[in-house]
Amino acid sequence: MAKLLSRYPAALVFGAPGAGKGTQGEILTRVPGFFHLSTGVIFRKLDPQTEEARQISEFCKRGELVPDELTVSIFRNWLEGRRAADKYKPREQLLLLDGIPRTVNQCQLIERYIDVKLVLYFECSDLEVMVDRIRRRAVLEGRPDDASESVTRKRLETFQRETTPVLEYYPPELIKKIDSSGRPAEVLAGCLAELIPVLKASFPDEG
Ligand code: AMP
């Protein structure tokens, strides 16, 4: 039997669109020891001339998920590219996965090479707060899938139906709720309080 490749240690940044995880992901990009990756960002950076990018943008514009196999293959190629370029250093950086996995099937597909150590769960039960955050972000970032309220509501429905089951996939002790209602610095402190012990346990010789 083929020898199992060693898996990359990772924390998931998990939450509905508009739950506040993107802001933290952005900040954490600059904190040493972490390597942040967002599939939404990767999709938006694809060369728009390619057939693949066109297909993906159709799913995004409708507020639907991109098919699992395609998502995971783009994610994996991108990550391996970063690793080959020595931007992602798996022996010293904890991966922060933002926006993936978004279905139980994706959890299974990435499990061969991703070792999920922690799930930061940005809980937000107020639908209108999330719709409002996305509306404000649309003005700032000009994302096509943020622009229409009906697409926003469709994305939130898609999240409820297809993505919340991801929480059941991982052992409950890995899931840590993050209160995203405070100031960004407070939310950051809450995230780091969970992440730092995992970072130390994953790379005991670093630091
Ligand atoms: P985000 O920036 O995370 O809100 O992602 C924007 C859009 O990209 C989503 O609404 C989906 O259409 C697509 N997308 C991002 N990540 C995934 C994923 N893991 N699986 C399927 N579709 C995704």
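Parameters and conventions
- Residues numbered from 1 in each chain as written.
- Predicted model: local features only at pLDDT ≥ 70, side-chain atom pairs only at ≥ 80, totals over all residues.
- Heavy atoms only, no water.
- Helix = DSSP H or I, 4+ residues; strand = E, 2+ residues; numbered from the N terminus.
- Expected span 1.5 Å × (residues − 1).
- Bend = angle between axes of the 7 residues up to and from the residue.
- Buried < 20%, exposed > 50% of the residue type's maximum accessible area, 1.4 Å probe, protein only.
- Contact = heavy atoms within 4.5 Å.
- Near = heavy atom within 4 Å.
- Polar contact = N/O pair within 3.5 Å; in protein donor to acceptor, adjacent residues only side chain to side chain.
- Areas by Shrake-Rupley, 256 points an atom, 1.4 Å probe, with all protein chains shown as cover.
- 1 Å grid on protein atoms, 1.4 Å probe; cavity = no way out; pocket = protein on both sides within 12 Å on 5 of 7 lines; lining within 4 Å.
- Sits in = over half its atoms within 2 Å of the grid points.
- Nonpolar A, V, L, I, M, F, W, Y, C, P; charged D, E, K, R; others polar.
- Points joined across faces, edges and corners; volume = space filled by probe spheres on them.

Peer 1: Describe helix H9 (residues 184-202), naming the residues involved and giving the relevant values.
Peer 2: Compared with an ideal rise of 1.5 Å per residue, which puts 19 residues at 27 Å, H9 spans 26 Å between its outermost C-alpha atoms and is within 8% of the ideal. Approximately 30° is the largest bend angle found in H9, and it occurs at Leu-195, with the proline Pro-197 only one to four residues beyond. Inspection of H9 places Val-187, Leu-188, Cys-191, Leu-192, Leu-195, Val-198 and Leu-199 among the buried residues, and these make up the whole buried set. Buried-residue contacts for H9 involve strand S1 (8-15), helix H1 (21-28), strand S2 (34-38), strand S3 (94-98), strand S4 (114-123) and strand S5 (175-179).

Peer 1: Give me the lowdown on the site of the ligand, citing residues and values where you can.
Peer 2: The ligand sits among 16 residues. The nearest are Thr-39, Glu-64, Gly-99, Arg-102 and Gln-106. Measuring from a nitrogen atom of the ligand, one finds a side-chain N or O atom of Thr-39 at 2.8 Å. Starting from 480 Å² of accessible surface for the ligand in isolation, the protein chains cover 96%. Of the pockets mapped on this structure, the ligand occupies the largest pocket. The element that contributes the greatest number of residues to the shell around the ligand is helix H2 (residues 39-45), accounting for 4 residues. A breakdown of the residues in the shell around the ligand according to their chemical character gives 5 nonpolar, 5 polar and 6 charged.

Peer 1: Go over the layout of surface pockets with me, naming the residues and quoting the values.
Peer 2: A volume near 1,100 Å³ is recorded for the largest pocket. Of all the secondary-structure elements, those providing two or more residues to the lining of the largest pocket are S1, H1, S2, H2, S3, helix H6 (127-141), helix H7 (149-163) and H9. Ranked by residue count, the leading element in the lining of the largest pocket is H6, at 6 residues. Looking at the lining of the largest pocket residue by residue, the class counts come to 18 nonpolar, 18 polar and 14 charged. For the lining of the second largest pocket, the elements supplying multiple residues, two or more each, are S1 and helix H4 (68-84). It is H4 that contributes the most residues to the lining of the second largest pocket, 3 residues altogether. Looking at the lining of the second largest pocket residue by residue, the classes come out as 7 nonpolar, 1 polar and 8 charged.

The values reported here are purely geometric and, on their own, carry no functional implication.
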